[in-house]
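# Working through the structure, step by step
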Amino acid sequence: MSEREIEELKKLLKDALEPSGNDELQRDLWPTMLRRLDELPVRVPWWDWVLLAGVVALFCFFPVTIPALLYHL
Amino acid sequence: MELTERFAAGDLDAFEALFRQHQAEVFRWILRIVRNTATAEDLTVEAFWRVYRAHARFDTVNGNFGGWLRRIATNVAIDHLSRSRREVPLPEDLGVAPSRPGEQGELRRQILAALRKLSPPLRGAVLLALVEEEPYEEIAKALSISVSAVKVRVFRGVRILRKELSRAGVQP
């Protein structure tokens, strides 16, 4: 494929699609960004889940620890 | 502490300052790929959203914030092309030139149809290199590939376009 063929195709494409060079951003996107940031889900660290599972397992296997824990709370 | 260091530490004010500094440039870059103003605005926010979520991974010592941001913006735009390829395309999706009647209009329709046949990575490279005339070096940096890989993508894109146009009876 020659340079000339690429140039011809380039011309065809430019005729069909306007180069977007002059399009400027018409509004400030920060308010939209802030709304998006507010949707950030609260992420619980994996270690917290492990800790919770450990406590639940402890209560299941040794229920006697429940009143002891409540007493100390 | 520098702005990018504060951003990497999760400071929202630093992120806002970087957002305001770079939003117009990111919008223009994405627009060159997706060619629709409303879509480019949405994807600009999406790109910054990904940037914010990845703030802890930004390399404050050797990292170039602008380059990192542009790579993320390019990925967001190419992802969008991949998603929209599976949907029914509308003519406005490609930011077509003002409509012209008759033969010219038909030719343009055939060119757009051929362009949509390209895979998103090829379409992105062809649009940036041939329509927007971005330097190959810039495209390579944005796509995180080598200059020769960009040339290969453009070459392959041009070959497919020529084939599709020949099949439609258009001789470029």
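Residues numbered from 1 in each chain as written. Chains lettered and ligands numbered in written order. Predicted model: local features only at pLDDT ≥ 70, side-chain atom pairs only at ≥ 80, totals over all residues.

### Side note on the overall build of chain B
- Scanning chain B from terminus to terminus reveals eight helices and zero strands.
- Counting over 172 residues, chain B shows a buried share of 35%. (Helix = DSSP H or I, 4+ residues; strand = E, 2+ residues; numbered from the N terminus. Buried ≥ 20, exposed ≤ 12 C-beta atoms within 10 Å, placed from the backbone.)

### Let's talk about the overall build of chain A
- What chain A contains, in helices and strands, is four helices and zero strands.
- The C-alpha radius of gyration of chain A comes to 31 Å, more than 25% above the 11 Å expected for a compact globule of 73 residues.
- With the principal axes as the frame, chain A shows a C-alpha extent of 85 × 35 × 15 Å. (Rg over C-alpha atoms; globule rule 2.2 N^0.38 Å.)

### Considerations on the packing of helix α6 (residues 120-131) of chain B against helix α8 (residues 147-167) of chain B
Residues and elements named next belong to chain B.
- Interhelical geometry of α6 versus α8 gives an angle of 95° and a closest axis separation of 8 Å. As the angle between them shows, α6 and α8 are arranged roughly perpendicular. Contacts between α6 and α8 pair P121, L122, R123, A125, V126 and A129 from the former with V150, R153, V154, R156, G157 and V158 from the latter.
- In terms of residue class, the contact of α6 with α8 is built from eight nonpolar, one polar and three charged. (Axes fitted to C-alpha atoms, helices over the stretch in contact; angles between N-to-C directions. Parallel < 35°, antiparallel > 145°, perpendicular 65-115°, else oblique. Contact = placed C-beta atoms within 7 Å. Nonpolar A, V, L, I, M, F, W, Y, C, P; charged D, E, K, R; others polar.)

### Description of the interface of chain A and chain B
- Chain A puts 24 residues into the contact, and the matching count from chain B is 31 residues.
- Elements that contribute at least two residues to the side of chain A that touches chain B include exactly α1 (3-16) and α2 (30-38) of chain A.
- Of all the elements, α1(A) adds the most residues to the side of chain A that touches chain B, at ten residues.

### Description of the packing of helix α2 (residues 12-34) of chain B against helix α3 (residues 37-53) of chain B
Residues and elements named next belong to chain B.
- One can describe the packing of α2 onto α3 by two numbers: an axis separation of 8 Å at closest approach and a directional angle of 135°. The orientation of α2 relative to α3 falls into the category oblique. For the element pair α2 and α3, the recorded crossing hand is right-handed. Note on element contacts: α3 touches α2 through T37, T39, A40, E41, L43, T44, A47, F48 and Y52, opposite F15, F19, Q23, V26, F27, I30, L31 and V34.
- In terms of residue class, the contact of α2 with α3 is made up of twelve nonpolar, four polar and one charged. (Left-handed = near helix turned anticlockwise from the far one by under 90°.)

### Overview of the nonpolar core
- Counting residues in each nonpolar core, the largest one holds 50 residues, and the members touching the most others are A:L13, B:I30, B:V34, B:A47, B:A73, B:A77 and B:V126.
- Structurally, this core is a two-domain feature, drawing no fewer than three residues from each of domain 1 (1-94) and domain 2 (96-172) of chain B.
- With residues near it in sequence (within four places) discarded, A:L13 still touches B:I111, B:L130 and B:V131. (Core = buried A, V, L, I, M, F, W, Y, C linked by C-beta atoms within 7 Å. Domains from an automatic or database assignment.)

### Section: the confidence of the model for chain B
- Taken as a whole, chain B shows an average pLDDT of 87; of its residues, 87% reach a score of 70 or greater.
- Across the predicted assembly, pTM comes out at 0.75 and ipTM at 0.76. (pLDDT = per-residue confidence, 0-100.)

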